[in-house]
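Single-letter residue listing:
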Amino acid sequence: MAMATSKCQAFLLMALAAAVLISTASGTLQYGFYSSSCPKAEEAVRNATVKIIAANPTMGAALVRLFFHDCFVKGCDASILLDQSNSNPQPEKLAIPLRGYDAVNTIKSAVESICPGVVSCADILAYAARDSAMVSGGFTFNMPGGRRDGIVSDLNNIFGNLPAPNMQVQQLVSSFAAKGLTAGDLVALSGAHSFGETHCSFVTPRLYPTLDTAMNTSFGVALQNVCPQSGNGGTVLDNNMVTDPNKLSNQYYGNVIAGKVMFTSDQTLTSDATTAKMVQDNAANAVAWMARFAGAMVKMGGIEVLTGTQGEIRKVCGATNSGS
């Protein structure tokens, strides 16, 4: 379930991560934000997350993906979690089929049972994504809190904000730069494609009418067998067919180098000298990648956050407190 690391590696990871976190954490967020108002908040999130992933190992990737989508669209304000309502007739969740909403609701209920109305859904999602890395990747890091929940969710905000799987490297770099993230953050966070699920519809553009020349031939033929050109595109695939689909690891980077990745947005990382070198570095050193991933997750968690008296602390994650 968790990646095996030696005590020496674990110590090095924490040292590297600490250095990265200090320099990248948003000044508007605080580590241990709930130490007084809800001292067991992060423990409750962790315990619930561990239990959820133990019951369904695919949920680790689902929670990380939810966090990514939330932060890239209107910032990390839990807008991705809002259900359809009179005030939000076209919420973000209607645009892209994502998993994990029930899991977040379960985690929120666990926290509400000890500290009602204190911990935001935005923070719960950030902590759950962090704890998913612990369970599925074998490493952990500090995540600051203090985010508040937004009251608006509109699927139209997705367009132009979320990077697409068919993007080329410079488009990806620009997309991340627009959110205050670097090319290094892009490459580090791309390692999340080592686990999780996707659908044939996102992969077939690289398979037909002819196989993408950047794709390993045997890998591509195997994908063609699973995703026939005449198929409906709905077949579920592991994000990376040559790895444990529920393990977050740096093996992804070796797969990129070998041409054994599904998306153009993955393979294109080798088409630029700068990002190609980052791919090689992450493939060669698992512990260094973990620290880079940790730092990038924290930076991403600070995108356009609501703090102080902005937004609200939702009672339930799928609806605003007004209920409308």
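Analysis parameters
Residues numbered from 1 in each chain as written. Predicted model: local features only at pLDDT ≥ 70, side-chain atom pairs only at ≥ 80, totals over all residues. Heavy atoms only, no water. Buried < 20%, exposed > 50% of the residue type's maximum accessible area, 1.4 Å probe, protein only. Helix = DSSP H or I, 4+ residues; strand = E, 2+ residues; numbered from the N terminus. UniProt positions renumbered as here; feature names shortened; annotations may be inferred. Contact = heavy atoms within 4.5 Å. Salt bridge = Lys/Arg side-chain N within 4 Å of Asp/Glu carboxyl O.

**Student:** Is there a simple way to think about unusual backbone geometry in this case?
**Tutor:** Glycine aside, negative phi is the norm for most residues, and most peptide bonds take the trans geometry. Tyr 208 connects to Pro 209 through a cis peptide bond whose omega is 5°. Positive phi values are uncommon outside glycine, yet Lys 74 reaches one of about 65°. Residue classification places Lys 74 among the partly exposed residues on the basis of a relative accessible area of 32%. In this structure, Ala 78 takes a positive phi of about 65° despite not being glycine. When you line up the elements, Ala 78 lands in the loop between α3 (59-72) and α4 (101-112). Since its relative accessible area comes to 0%, Ala 78 is described here as buried.

**Student:** Explain the UniProt feature "binding site: substrate" (unreviewed entry) in the protein chain to me, please; I cannot follow it from the model alone.
**Tutor:** The positions UniProt marks with the feature "binding site: substrate" (unreviewed entry) are Pro 163. Tracing the chain through its elements places Pro 163 in the loop between α5 (121-137) and α6 (169-177). The class for Pro 163 is buried, based on a relative accessible area of 16%. Filtering out sequence-adjacent residues up to four positions away, Pro 163 remains in contact with Phe 68, Phe 72, Leu 172, Ser 175 and Phe 176.

**Student:** Hey, could you run me through the pattern of salt bridges in this one?
**Tutor:** Side-chain pairing between opposite charges can occur once the charged atoms of the two side chains come close. If you walk through the whole model with that rule in mind, you get ten salt bridges. Here Glu 197 ties to Arg 99 by a salt bridge, and the two come within 3.6 Å at their closest N and O atoms. Of this pair, Glu 197 sits in strand β1 (residues 197-199) while Arg 99 sits in the loop between α3 and α4, placing them 98 residues apart in sequence. A salt bridge links Asp 123 to Arg 147; its shortest N-O distance comes to 2.7 Å. Of this pair, Asp 123 sits in helix α5 while Arg 147 sits in the loop between α5 and α6, and the two are 24 residues apart along the sequence. By relative accessible area, Asp 123 is classed as buried at 0%. By relative accessible area, which is 0% here, Arg 147 ends up buried. What emerges from the salt-bridge pattern is a single network uniting Glu 42, Arg 130 and Asp 131.

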